[in-house]
Amino acid sequence: MASDLSHSQAPQAETVFDRTRRLFHIPDGVIYLDGNSLGPMPLAAADALQRAAKAEWSEMLIRGWNDADWIGLPERVGARIAALIGAEAGSVMVGDTTSVNLFKVLSAALAARPGRRVILSDSGNFPTDLYVAQGLIATLGQGHELRTVSHAEMEAAVDAAGEDLAVLMLTQVDYRTGALYDMKSMTARAQALGALTVWDLAHSAGALPVELDACNADFAIGCGYKYLNGGPGAPAFLYVAPRNQASVAPALSGWMGHAAPFAFEHDYRPAEGVGRMRVGTPPILALSALEAGLQAWDGVSIHEVRAKSIALCDLFIELVEARCPELELITPREGAARGSQVSFRFEEGYAAMQALIARGVIGDFRAPDVMRFGFTPLYISEREVRAGVDILAGIMDNRLWDNDDYRKKAKVT
Ligand SMILES: Cc1ncc(COP(=O)(O)O)c(C=O)c1O
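Residues numbered from 1 in each chain as written. Predicted model: local features only at pLDDT ≥ 70, side-chain atom pairs only at ≥ 80, totals over all residues. Heavy atoms only, no water.

## Concerning a nonpolar patch on the surface
Here comes step 1: A cluster of nonpolar side chains, namely L49, W57 and L285, defines an oily patch on the protein surface of about 290 Å² accessible area.
Here comes step 2: Positionally, W57 belongs in helix α2 (residues 43-60).
Here comes step 3: Residue classification places W57 among the exposed residues on the basis of a relative accessible area of 51%. (Patch = residues over 30% accessible without salt bridge, like charges linked within 9 Å, V, L, I, M, F, W, Y side chains within 5 Å. Areas by Shrake-Rupley, 256 points an atom, 1.4 Å probe, with all protein chains shown as cover. Salt bridge = Lys/Arg side-chain N within 4 Å of Asp/Glu carboxyl O. Helix = DSSP H or I, 4+ residues; strand = E, 2+ residues; numbered from the N terminus. Buried < 20%, exposed > 50% of the residue type's maximum accessible area, 1.4 Å probe, protein only.)

Right under this line is the structure:
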């Protein structure tokens, strides 16, 4: 990887990432290693919010649905996200939260596999995925079972579930450790038994090349506010494989998923394609910000992003391990086996993270003891990784975390 700190005399050619860095507002003095939780604000998103409020909402009023094509926004944003996750345009819809979208695809998948009982997932999966599955099972009352095993046990557990397996529900990149599942082989393994797959891409969309169509995935969901930089609470996305779209039966059969919402018919008739997974009125202000944020990807190769992300993570691991022996790496060392984040375990990890944040290096903490750092090449450079580790090492060497103020838990960690 070319060094940012190179002292060569020749002027360096601007890279694609020098250009994308300027598209974001990063506050002065901040090294932002948390874009895997909430992406920073793209300057274009602020402009889009202003436009949507001032030129559209205030001036057009309800005419904006047609005149500003608000009604087409979920589809337009869906097409942009589809290109980033290896999905055919028209197979991604945007709206609702990741949790709600999971409910929608999981209920559709279970309905498509009647008589099969098991939803198989990872015991370390993000809690909302497990909670949604538990709630859905209770609501259906058909005797489904949520079975969870570790990443290492997953292949054997798929085989053991056999023809009882209804859905394999996995998050591609583990939110805590960053460990990456092989989407293609896990999908093939589950499908060989006749099961369907649901992939949570919260930590992979915009972080690495995702090939939903090439992997033959059935359903997927993911967040708009992490690597896609859509802003706090940005709408999430949902993917249905083209082959499943005509048969998928939405449990949340709302009017926006109807074939003709403005015909105001008495009975539900599903729209063609993935549009039937829409439920209610789309959040136009939030979608406008997300749409603008996605422009940062124009002209950017996700493969280049991946190569730089691996290099940044490798460098961070090497420097932290050399300088902070108290921290225990829990992320796979091999670049190909992880997403775009690196986590270390430390007993006083919460306090250490607060000490870091107080000094401008922002990561996050995941209970019980995990310090998590995200690396987002669109706006993070090697120089910032080195500077961030200098500050972390200073905190660890001098026990600067050992301060009761840093131990006071905030509501959001
Ligand atoms: C893997 C994973 N799935 C789902 C979610 C929750 O998404 P939402 O709050 O949009 O429902 C998160 C949030 O961080 C996540 O990391």
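## Some thoughts on the sheet that holds strand β6 (residues 145-149)
Whether parallel or antiparallel, the strands of a sheet pair through hydrogen bonds between backbone atoms.
Here comes step 1: Spatially, β4-β10-β9-β8-β7-β5-β6 is the arrangement adopted by the seven strands of the open sheet, whose pairing is mixed. The two strands at the open ends of the sheet, each matched to only one other strand, are β4 (92-94) and β6. When strand polarity is set aside, the average angle formed by the axes of neighbouring strands in this sheet is 20°.
Here comes step 2: In this fold helix α5 (residues 98-111) packs onto β4, β5 (118-122), β7 (165-171), β8 (196-200), β9 (219-222) and β10 (237-240), with an angle of close to 170° to the strand it touches most, β9.
Here comes step 3: The strands touched by helix α6 (residues 127-140) are β5, β6, β7 and β8; relative to β6, the strand with the most contacts, the crossing angle is about 155°. (Pairing = 2+ DSSP bridges. Axes fitted to C-alpha atoms, helices over the stretch in contact; angles between N-to-C directions. Contact = heavy atoms within 4.5 Å.)

## Quick word on the site of the ligand
Here comes step 1: In the region of the ligand, 13 residues are neighbours, and T98, S99, D200, H203 and K226 sit closest.
Here comes step 2: Measuring from an oxygen atom of the ligand, one finds a side-chain N or O atom of S99 at 2.5 Å.
Here comes step 3: Protein burial of the ligand: of its 400 Å² of free accessible surface, 85% is covered by the chains. (Near = heavy atom within 4 Å. Polar contact = N/O pair within 3.5 Å; in protein donor to acceptor, adjacent residues only side chain to side chain.)

## Some details on the UniProt feature "modified residue: N6-(pyridoxal phosphate)lysine" (unreviewed entry) in the chain
Here comes step 1: Mapped onto this numbering, the UniProt entry gives "modified residue: N6-(pyridoxal phosphate)lysine" (unreviewed entry) at K226.
Here comes step 2: If you trace the backbone, K226 turns up in the loop between β9 and β10.
Here comes step 3: With relative accessibility at 9%, the residue K226 sits in the buried group.
Here comes step 4: Setting aside anything within four residues of it in sequence, one finds K226 in contact with G35, N36, S37, L38, G39, A202 and H203. (UniProt positions renumbered as here; feature names shortened; annotations may be inferred.)

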